[in-house]
Amino acid sequence: MKEFAYARAGDATEAAALMAERPDATYLGGGTNLVDLMKLGVADPGLLVDVSRLPYDRIEHRDDGSALIGATVRNGDLAGDPGVRERFPLLAQALLAGASGQLRTVATVGGNLLQRTRCVYFQDVSKPCNKREPGSGCPAIGGAHRDLAVLGTSDHCVASHPSDMAVALVALDAVAHLRSVDGATRTVPVAELYRLPGDTPHRETVLGHGDLITAVELPPPPGGAAMRYRKVRDRWSYAFALVSVAASVSVAEGGTLTDVRIALGGVAPRPWRARIAEERLRGALPDEETLREAARAELARARPLPDNAFKVDLATDLIVAVIRDLVVRKDRA
């Protein structure tokens, strides 16, 4: 491991000043992904700015049903928060589906959002990778790509985004609060936080150097919505999603869907908001044929490779199953 400097920031201003001084500086939260990448030689920051002690470790539930989640809140604390479990159950389910209990006690909300792909070529510095070394190539396209993306890919990168939590946040229309090194603040929908690879796969987010995620804001959940996060993986625990679905649906008295929100994980370089499927289902009766047509319309843009083409059918089936189960649950309620 390369030698590096370490500084613990006392406040956001100090953290920003440290970042501004060093173009090779990186923020450190829980470190559950960053430290692994440093050990592999993929990341080699000259300075780690520890922001884990900054005062962003609270969950604020508001009277209107919205919530503000600090960026240093631990994933385990967020998954177990009674207000989150009651109002945003799919977020709690997504967190519990990710990593192990030990990692959840360390990993932070901000760090979870910024974790990087587990593509084996990205993590192996002896192999070329456009995400790690722009212009070097993407051997995954002709190599080991079973776990990688089928939507939003390019000829330069087919990596998939690994986060479970981010998929849930995209389905919930969450917004990230950001602070720049000059102290300016802004908000960005989590769905727009990530960039598609295009011909610049090394640029993964819209963040600039030193931009700090300070919180994630959840708007009030739709009235009467049923929610679920479902993840399909190769083994039950401690595995990344082959395909996951985060969904929230509201059903009118006549049985039509009034509010539909769907996000997919494991199939794209970022959490994938299924806007086409949502539009097809809004105002429709959720019979099997309608659900399947909507899911197929969403996956029509897929660019699968030989070994991950199964994800198209798997994602279609999973969307249908999750929405159908939510509607049945609403009917029984």
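## Here's the deal with the sheet that holds strand β3 (residues 47-50)
Reasoning step 1: Here we have three strands laid out as an open sheet, ordered β1-β3-β2, and parallel in their pairing. Edge positions in the sheet fall to β1 (5-8) and β2 (25-28), since each has one partner strand and no second. With direction set aside, neighbouring strand axes in the sheet form an average angle of 25°.
Reasoning step 2: Note that β1 and β3 share four bridges and pair parallel. If you follow Ala-5 over to β3, its bridge partner there is Leu-47.
Reasoning step 3: The strands that helix α1 (residues 12-21) touches are β1, β2 and β3; relative to β2, the one it contacts most, it runs at about 150°.

## Observations regarding the pairing of strand β11 (residues 257-265)
Reasoning step 1: With respect to burial, β11 is a largely interior element, eight of its nine residues being buried.
Reasoning step 2: As paired strands, strand β10 (residues 243-251) and β11 are joined by eight bridges and run antiparallel to one another. Looking across to β11, one finds that Ser-244 is bridged to Gly-265.
Reasoning step 3: Between β10 and the antiparallel strand that follows it, β11, lie five residues; Gly-255 among them carries a positive phi value of about 100°.
Reasoning step 4: With two bridges connecting them, β11 and strand β12 (residues 272-273) associate as antiparallel partners. By the bridge assignment, Leu-264 is partnered in β12 with Trp-272.
Reasoning step 5: Following β11, the chain reverses through six residues before pairing antiparallel with β12; Gly-266 in that reversal takes a positive phi of roughly 80°.

## Regarding the sheet that holds strand β6 (residues 175-179)
Reasoning step 1: Read across the sheet, five strands follow the order β4-β5-β8-β6-β7 without closing on themselves; strand pairing throughout is antiparallel. With one partner strand each, in any of the chains shown, β4 (59-61) and β7 (185-189) form the two edges of the open sheet. Between one strand axis and the next, the sheet turns by 20° as a mean value, whatever way the strands run.
Reasoning step 2: Of the pairings in the sheet, the one linking β4 to strand β5 (residues 67-70) comprises three bridges and is antiparallel in character. Bridge pairing links Ile-59 to Ile-69 in β5.

## Regarding the environment of Asp-50
Reasoning step 1: Locating Asp-50 in the fold gives a position in strand β3.
Reasoning step 2: Each C-alpha atom of the pair Asp-50 and Leu-28 lies 4.6 Å from the other, and the pair is 22 residues apart in sequence.
Reasoning step 3: Once residues lying within four places of it in the same chain are set aside, the contact partners of Asp-50 are Tyr-6, Ala-7, Arg-8, Ala-9 and Leu-28.
Reasoning step 4: Here Tyr-6 takes part through its side chain, which lies 2.5 Å from a polar atom of the side chain of Asp-50.

## Let's talk about the nonpolar core
Reasoning step 1: Counting residues in each nonpolar core, the largest one holds 39 residues, and the members touching the most others are Leu-78, Leu-91, Leu-113, Met-165, Leu-169, Val-190 and Leu-218.
Reasoning step 2: In terms of residue count, the dominant contributor to this core is helix α9 (residues 165-171) (seven residues).
Reasoning step 3: Residues in contact with Leu-169, not counting those within four places in the same chain, are Leu-91, Leu-113, Ala-174, Val-190, Val-216 and Leu-218.

## Brief notes about unusual backbone geometry
Leaving glycine aside, a negative phi is the common case for residues, and trans is the common case for peptide bonds.
Reasoning step 1: Even without being glycine, Asp-173 reaches a positive phi, approximately 60°.
Reasoning step 2: Here Asp-173 shows up in the loop between α9 and β6.
Reasoning step 3: A residue is classified by how much of its surface remains accessible, and Asp-173, at 29% relative accessible area, is partly exposed.
Reasoning step 4: The phi torsion at Tyr-238 lies on the positive side, around 50°, for a residue other than glycine.
Reasoning step 5: Structurally, the position occupied by Tyr-238 is in the loop between β9 (226-232) and β10.

About the thresholds
- Residues numbered from 1 in each chain as written.
- Predicted model: local features only at pLDDT ≥ 70, side-chain atom pairs only at ≥ 80, totals over all residues.
- Heavy atoms only, no water.
- Pairing = 2+ DSSP bridges.
- Helix = DSSP H or I, 4+ residues; strand = E, 2+ residues; numbered from the N terminus.
- Axes fitted to C-alpha atoms, helices over the stretch in contact; angles between N-to-C directions.
- Contact = heavy atoms within 4.5 Å.
- Buried < 20%, exposed > 50% of the residue type's maximum accessible area, 1.4 Å probe, protein only.
- Polar contact = N/O pair within 3.5 Å; in protein donor to acceptor, adjacent residues only side chain to side chain.
- Core = buried A, V, L, I, M, F, W, Y, C linked by side-chain atoms within 4.5 Å.

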